[in-house]
Amino acid sequence: MSLFSSVRFRLTLWYLFFFGILLAGFCAFTYFLIKKDIHDRLDNYLVKDSHHAIATMLSELKENPGNNRAAALEALSEMSLNSPIGIFSGTNLLASNFTENLDDVLVKEITDSAKKSNGQVVLSTRYAGKEEVRIASLLVEAEGKEFFVILAEPLESAREQIQPIKEIFAITLPSTLIIAALGGFLLAKKSLSPVVAMSNQVKHISANNLYERLTVKNRNDELGQLAETFNELLLRLNNSFENMKRFIADASHELRTPLTIIKGEIDVALLQAREPVEYQETLSIINDETVRLSKMVNDLLALASADAGQYKPKVELFYLNDLIESCYKTSKVLASRKHINLILSPLSETPFKGDEEMLKRLILNLLDNAIKYTLNEGTVTLELINEAKKVKIVVSDNGVGIAEDSLKKIFERFYRVDKARSRSEGGSGLGLAIAKCIVEAHQGSIEVESLLNKGSKFIVSLPL
Ligand code: ADP
């Protein structure tokens, strides 16, 4: 992964972007405030001086009545101001220490502005092609005449005062940004280091070591939670991987048994010439094992398609009571062989939407089990119970029952409480696993209640 495409780099860029905007805004605001303060102070100083100049002029007028020009010259020499000043009567210049003559048009503009703003005006302008200056003008009436003063101060001095601040910002802004970028990059690197560590750990996890777990440093932070979530995923993967391995081992074992029997029977038959009745016996055994094999392969196919999410019911409307009755009739033959009393509780008409074939397989499986695991002359009952929003199919027997610790496992693939008994009855331990898949495909549930040596009750609930 290149540095530029890394999250660290992008985080640093975003951080720098927002921090840069904030910092630039702060500098601009500070610069504006300082500049305004300097200009305000300059204006105050000019206004104060203009008042002082007019006051001096008026007092000189009293001393030189009728001689305005002399009064103005006196006033000018008496005042020791730094800024150049001009004293006017109307638009006539009485006295001035401006090095250049003030343009008449400019003087007119200034006087007009002063008149408009109650005699006092402060403005920025240029004269005689010089640098920009700040001008303060004050206009008063005395002895029936208008007198006004114009004071000018070059803005250059204000600019000089601001210059160091500009320089400070010009140095500190980029250097702060560089430091912030470095800091941000290191911070992002440190914050993301657990992710890098996790990714290195994950790289070493394969199907052979799914039991390994990521180190969780702090369960309460986001990265700790990510590691925990990943560990939970690993646990689930490990479990399903183990289940798959066990399933493959069990399936191979189960498929090998009938094949071994078939091979053994053929070998024995071929050893020497035999009577037709002996061949018939051998073929009958081979036939039984082939039937068992093909049933198991069908069951395995059904489970594989359920695992692939393709075991979907073909929904059609049918009468569940008719299906129950037909299953009852089919199983009756099997039950009568063991002298088992198979009872069908009274049925009421139950229209149902579902996969008839799947449900037939489910009911026959449960009946088959009940008959298999009930001793001769026992009783098996089949019931259909209608409830408000669901129907219940209940198969109960008074057979061998199931011990409590096995109850949870009987729906697992290839699980059999008594392997030898199940095998001798033609079972392979897949019937209930398929029953569960069928029920779940119909959004229903299957439960079992059982007492050892007393009997079992399988209850299938299907939503209507
Ligand atoms: P199997 O082919 O062995 O019958 P199932 O998946 O149908 O496989 O059943 C799993 C196991 O559950 C059986 O081997 C048996 O031990 C137990 N079992 C199922 N139904 C009953 C029942 N009605 N009475 C007692 N045990 C049962």
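Relevant structure appears above.
For every chain, the first residue of the written sequence is number 1, and numbering continues from 1 onward in sequence order. Restriction of local features to residues with pLDDT of at least 70 applies here, the model being predicted, together with a cutoff of 80 or more for giving and counting side-chain atom pairs; totals for whole chains, interfaces and linings are based on all residues. Water and hydrogen atoms play no part in the side-chain values, which are based on all heavy atoms of the structure.

### Comments concerning the packing of helix 5 (residues 222–271) against helix 6 (residues 276–307)
For any two helices packed against each other, the geometry is given by the interaxial angle and the distance between the axes. What counts is decided by this rule: Axis lines are fitted through C-alpha atoms, for helices just across the contact stretch, and the angle between N-to-C directions can take any value from 0 to 180 degrees. For the purposes of this entry, the term helix denotes a DSSP run of H or I that reaches at least four residues, the term strand denotes a run of E that reaches at least two, and both are numbered from the N terminus. These descriptions rest on fixed angle ranges, namely under 35 degrees for roughly parallel, over 145 for roughly antiparallel, 65 to 115 for roughly perpendicular, and the rest for oblique. A clockwise turn of the near helix away from the far one marks a right-handed crossing, whereas an anticlockwise turn of less than a right angle marks a left-handed crossing. For this analysis, residues touch if any pair of their heavy atoms sits within 4.5 Å. When residue character is reported, Ala, Val, Leu, Ile, Met, Phe, Trp, Tyr, Cys and Pro are called nonpolar, Asp, Glu, Lys and Arg charged, and the others, Gly included, polar.
The N-to-C vectors of helix 5 and helix 6 enclose an angle of 165 degrees; their axes lie 9 Å apart at closest approach. Taken together, the axis directions place helix 5 and helix 6 in an arrangement best described as roughly antiparallel. Considering the relative orientation of helix 5 and helix 6, their crossing is left-handed. The segment helix 5 lies against helix 6, with Phe247, Ala251, Glu254, Leu255, Pro258, Leu259, Ile261, Ile262, Glu265, Ile266 and Ala269 engaging Tyr279, Thr282, Ile285, Ile286, Glu289, Thr290, Arg292, Leu293, Met296, Val297, Leu300 and Leu303. Among the residues making up the contact of helix 5 with helix 6, the classes are represented as 17 nonpolar, two polar and four charged.

### Focus: unusual backbone geometry
Note: most residues except glycine have negative phi, and most peptide bonds are trans. Even without being a glycine, His339 presents a positive backbone phi close to 55 degrees. Note that His339 resides in the loop between helix 7 (320–337) and strand 7 (341–344).

### Notes on the site of the ligand
We apply this condition: Neighbouring residues are identified by heavy atoms, a residue being near a molecule or strand if any of them is within 4 Å of it. In protein, a polar contact means a hydrogen-donor-capable atom and an acceptor-capable atom, both N or O and within 3.5 Å, with residues adjacent in sequence counting only if both atoms are side-chain atoms; elsewhere, any N or O pair within 3.5 Å suffices. With residues, only the protein chains shown are counted as cover, and all accessible areas are computed by Shrake-Rupley using a 1.4 Å probe.
Around the ligand there are 21 residues in total, and Asn369, Lys372, Ser422, Ser428 and Leu432 lie nearest to it. Side-chain polar atom of Asn369 to an oxygen atom of the ligand: 2.8 Å apart, as the coordinates give it. Ser456 places a polar side-chain atom, nitrogen or oxygen, 3.3 Å from a nitrogen atom of the ligand. Protein chains bury 97% of the 530 Å² of accessible surface belonging to the ligand in isolation. Sorting the residues of the shell around the ligand by element identifies helix 8 (356–372), helix 11 (431–441) and strand 12 (455–463) as the ones contributing at least two each. The greatest single-element share of the shell around the ligand, amounting to three residues, is contributed by helix 8. Per-class residue counts for the shell around the ligand are ten nonpolar, eight polar and three charged.

### Describing the pattern of salt bridges
The criterion, for reference: Salt bridge criterion: a side-chain nitrogen from Lys or Arg within 4 Å of a carboxyl oxygen from Asp or Glu.
Applying the stated criterion across every chain yields a total of 19 salt bridges. As a salt-bridge pair, Arg274 and Glu278 come within 3.7 Å of each other at their nearest N and O atoms. The closest approach of N and O atoms between Asp299 and Arg361, which form a salt bridge, is 2.8 Å. Of this pair, Asp299 sits in helix 6 while Arg361 is found in helix 8, placing the two residues 62 residues apart along the sequence. Among the ionic contacts, a cluster of salt bridges with common partners joins Glu132, Glu156 and Arg159.

### Considering a negative patch on the surface
What counts here: Each patch is built from residues that are more than 30% exposed by relative accessible area and take part in no salt bridge. Like charges join if they lie within 9 Å; nonpolar side chains (Val, Leu, Ile, Met, Phe, Trp, Tyr) join within 5 Å. The charge count treats Lys and Arg as positive and Asp and Glu as negative. His and the chain ends do not count. Every charge is mapped onto a representative atom, which is NZ of Lys, CZ of Arg, CG of Asp or CD of Glu. Exposure categories follow from relative accessible area, calculated using a 1.4 Å probe and restricted to protein chains: below 20% of the type maximum is buried, above 50% is exposed, and the middle band is partly exposed.
Together, Glu316, Asp322, Glu349, Glu356 and Glu357 line one region of the surface with negative charge. Mapped onto the secondary structure, Glu357 falls in helix 8. Exposure remark for Glu357: the relative accessible area of 57% places this residue in the exposed category.

### Description of helix 3 (residues 104–116)
Quick note on the threshold: Helix span, as expected, comes to 1.5 Å for every residue beyond the first. Here the arc refers to the directions that run from the helix axis out to each C-beta atom.
Helix length check: helix 3 (13 residues) gives 18 Å between terminal C-alpha atoms against 18 Å at 1.5 Å per residue, within 8%. All buried positions along helix 3 are accounted for by Leu106, Val107, Ile110, Thr111 and Ala114. Looking straight down helix 3, one finds that the buried residues subtend no more than 135 degrees of arc, so they occupy a single side. The outward face of helix 3, more than 90 degrees from its buried face, is lined by the exposed residues Asp104, Val105 and Lys116. At its buried positions, helix 3 is contacted by strand 1 (85–89), strand 3 (120–125), strand 4 (133–142) and strand 5 (145–154). Phi for Asn118, located one or two positions after helix 3, is positive at around 55 degrees.

### Considerations on the packing of aromatic side chains
Threshold: Aromatic pairing here means that ring centres of Phe, Tyr or Trp (its six-membered ring) are within 6.5 Å. Orientation follows from the plane angle: under 30 degrees is stacked, over 60 is edge-to-face, and everything else is tilted. Whether a charge sits over a ring comes down to the Lys NZ or Arg CZ being within 6 Å of the ring centre and within 35 degrees of the ring normal.
Applying the stated rule across the entire model yields seven aromatic pairs. On the numbers, 5.8 Å between centres and 15 degrees between planes, the contact of Tyr15 with Phe19 is stacked. With Tyr15 and Phe19 both in helix 1 (residues 7–63) and four residues apart, this pair spans about one turn of that helix. Centroid distance Phe318 to Phe352: 5.9 Å. Interplanar angle 75 degrees. Geometry classified as edge-to-face. Remark: Phe352 occurs in strand 8 (residues 351–354) and Phe318 occurs in strand 6 (residues 316–319); sequence separation between them is 34 residues. Note on accessibility: Phe318 and Phe352 belong to one class, buried. Ring pairing ties together the aromatic residues Trp14, Phe17 and Phe18, which thus form one cluster. Directly above the ring of Phe247 sits Arg413, whose terminal nitrogen or CZ lies 5.2 Å from the centroid.

### Describing helix 5
Because each turn of an α-helix spans 3.6 residues, side chains separated by three or four positions in sequence point in the same direction. With 50 residues, helix 5 should reach 74 Å at 1.5 Å per residue; the first-to-last C-alpha distance of 72 Å fits that figure. Burial in helix 5 covers these residues: Gly224, Ala227, Asn231, Leu234, Asn238, Ala251, Glu254, Pro258, Ile262 and Ala269. In the core, the buried residues of helix 5 are packed alongside helix 4 (156–203), helix 6 and helix 10 (419–424).

Functional significance is not addressed by these values, which are geometric in nature.
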